[in-house]
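Take a look at the letters that make up each chain.
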Amino acid sequence: MQLSFARSLLFLPASNARAVEKARGLMCDMVILDLEDAVPDAQKDAARDAAVAATQMGYPDKLMGIRINMVGTPWHGVDMMAVKASAADYVVVPKVEKASQVHDVRSVCEKPVIAMIESALGLLAARDIAAQSGTAALFIGVNDLRKDLGIPSGTDRQGLSLALQTVVLAARASGKAVFDGVYNRLDDSDGLAAECREGRNFGFDGKTLIHPGQVEIANGIYGPDAVAIADAHRLIDAATGGAERFEGAMIEAMHVDAARALIARAEALRA
């Protein structure tokens, strides 16, 4: 699957063997085996070995990533070497604040980098980070970003609007995929759905998740629905070139291109 088509990207603690195995039967588009925040220090080494083994077994029809520990920690270097030896498709790097971090991780892991933007410094450098040739996508880490910006936890995302737009803008300027941050309230499906719709309207390709129960909602909102697909087919069939009227609106080549992209994504997800 093409990364930009992914709707649901599920973080799993690599130390949790049951969760790692269960994920093989889930409908998420990407599995991210986490070596960082979700894993206690005493379990880092075991989690690393488990993550590499899990990628060797594979996750049918899913992209695979491993999130390593941040630079400056005792585990960063050995994590990178483990990812290099793994079958992961991507390495997810937390708290990226300068473009050189992407270059350094890419050169060791030899995997495309998904850079997490989680701080004020990361936001200000997001354009350069996205422009790095080794960068495949940006994640926005809303929890750490709230803390760094002094935004109270539990509030709505109004204070994060500029940050969300900045990360999308940086990714799009370099033609990279971009994904929204996690939603913390596990028993609030309505809130998750609302945040997915908001993220989709901001321009994110999909959403990072922290629980299997969130997958279906993210897939439904970020995936093309039957009505949108039918509309896209009608638009393409009706277009003859140049600016013209279609079902009460003006369309031109850019609308045809968007319709074709939507259909291509739907077909890839169906496959």
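Asker: Explain the packing of aromatic side chains here, please?
Answerer: Two aromatic rings are characterised by how far apart their centres lie and by the angle between their planes. Per the counting criterion, the structure on display carries two aromatic pairs. Measuring from ring centre to ring centre gives 6.1 Å for Phe-11 and Phe-139, while their planes differ by 80°; the resulting arrangement is edge-to-face. Placement of the pair is Phe-11 in strand E1 (residues 8-13) and Phe-139 in strand E6 (residues 135-140), with a sequence separation of 128 residues. The pair Phe-11 / Phe-139 is uniform in exposure class, with both members buried.

Asker: How should the environment of Gly-220 be read in this particular structure?
Answerer: Within the secondary structure layout, Gly-220 lies in helix H10 (residues 215-222). C-alpha of Gly-220 to C-alpha of Ala-193: the two residues are 27 residues apart in sequence and 9.2 Å apart in space.

Asker: What is the right way to read the sheet that holds strand E2 (residues 30-34) from this model?
Answerer: In a beta sheet, neighbouring strands pair by backbone hydrogen bonds and run either parallel or antiparallel. Taken together, the eight strands give a closed barrel; going around it, the order is E1-E2-E3-E4-E5-E6-E7-E8, and neighbouring strands pair in parallel fashion. Neighbour to neighbour, the strand axes of the sheet diverge by 25° on average, direction disregarded. Taken together, the five bridges between E1 and E2 define a ladder with parallel strand orientation. Following the sheet pairing, Leu-9 is matched in E2 by Met-30.

Asker: Would you mind going over the pairing of E1 with me for this structure?
Answerer: A regular strand places its side chains so that they alternate between the two faces of the sheet. The buried count for E1 comes to five of six residues, which makes it a mostly enclosed element. Where E1 meets strand E8 (residues 206-209), three bridges bridge the pair, whose relative direction is parallel. The residue of E8 that forms the bridge with Ser-8 is Lys-207. Chirality of the crossover, the property in question, places the unit of E1, helix H1 (residues 17-22) and E2 among those that are right-handed.

What counts, and at which threshold
- All residue numbers refer to positions counted from 1 along the written sequence of the respective chain.
- Confidence filtering applies because this is a predicted model: local features only for residues at pLDDT of at least 70, side-chain atom pairs given and counted only at 80 or more, and all residues used for totals across whole chains, interfaces and linings.
- Side-chain metrics in this entry use all non-hydrogen atoms of the structure; hydrogen atoms and water are not considered.
- When two rings of Phe, Tyr or Trp (its six-membered ring) have centres within 6.5 Å they constitute a pair, described as stacked for plane angles under 30 degrees, edge-to-face for angles over 60, and tilted for the intermediate range.
- Think of it this way: any DSSP run of H or I at least four residues long counts as a helix, any run of E at least two long counts as a strand, and we number them from the N terminus.
- Relative accessibility under 20% of the residue-type maximum defines a buried residue, over 50% an exposed one, and the middle range a partly exposed one, all with a 1.4 Å probe and only protein chains included.
- Note on pairing: DSSP must find at least two bridges between two strands before they are called paired.
- The axes are straight lines fitted to the C-alpha atoms, using for helices just the contacting stretch, and the angles between their N-to-C directions are given from 0 to 180°.
- Seen with its strands pointing away from the viewer, a crossover is right-handed if its path from the first strand over the helix to the second goes clockwise.

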